[in-house]
Amino acid sequence: MTQIREPERRSRILRGRPYSLDEFASKYGLKGEQAESLFARFGPSSIELDLLMAAKRRRPVRQDAGQHSPTIEWNG
């Protein structure tokens, strides 16, 4: 008799700090179900999710706390 085996789930090594689902969704302006789907498939790794969103050409909709964009002064 042939046995059917369930596919093994491989655990991924967490790269970077983990995002919370809410933090990931708000950073990229995602709807709940879209963020949940990506989070479930790719895990909470901030590096993995940021790379994924860069590949999709999705930029963060807000800047993280503590990071400021440089100000250019015009002296003309």
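Residues numbered from 1 in each chain as written. Predicted model: local features only at pLDDT ≥ 70, side-chain atom pairs only at ≥ 80, totals over all residues. Heavy atoms only, no water.

### Describing the packing of helix 2 (residues 32–42) against helix 3 (residues 46–55)
And then number 1: Orientation of helix 2 relative to helix 3, taken along the N-to-C sense of each, is 125°, at an axis distance of 10 Å. By the angle class used here, helix 2 and helix 3 are oblique. Read as a crossing pair, helix 2 and helix 3 show a hand that is right-handed. On helix 3, the residues that touch Leu-38, Phe-39 and Phe-42 of helix 2 are Glu-48, Leu-49, Leu-52 and Met-53.
And then number 2: In terms of residue class, the contact of helix 2 with helix 3 is made up of six nonpolar, no polar and one charged. (Axes fitted to C-alpha atoms, helices over the stretch in contact; angles between N-to-C directions. Helix = DSSP H or I, 4+ residues; strand = E, 2+ residues; numbered from the N terminus. Parallel < 35°, antiparallel > 145°, perpendicular 65-115°, else oblique. Left-handed = near helix turned anticlockwise from the far one by under 90°. Contact = heavy atoms within 4.5 Å. Nonpolar A, V, L, I, M, F, W, Y, C, P; charged D, E, K, R; others polar.)

### Some words on the packing of helix 1 (residues 21–28) against helix 3
The relative placement of two packed helices comes down to the angle between their axes together with the axis-to-axis distance.
And then number 1: Contact geometry of helix 1 with helix 3 gives a least axis separation of 12 Å together with a crossing angle of 25°. Between helix 1 and helix 3, the angle is such that the two are roughly parallel. For the element pair helix 1 and helix 3, the recorded crossing hand is right-handed. Where helix 1 approaches helix 3, its residues Phe-24, Lys-27 and Tyr-28 are matched on the opposing element by Leu-49, Asp-50 and Met-53.
And then number 2: In the contact of helix 1 with helix 3, the residues fall into four nonpolar, no polar and two charged.

### As for the confidence of the model for the chain
And then number 1: Across the chain, pLDDT averages 79, with 68% of residues at or above 70.
And then number 2: Throughout residues 65–70 the model reports pLDDT below 50, and contacts reaching past four residues in sequence, or to other chains, amount to two contacts. (pLDDT = per-residue confidence, 0-100.)

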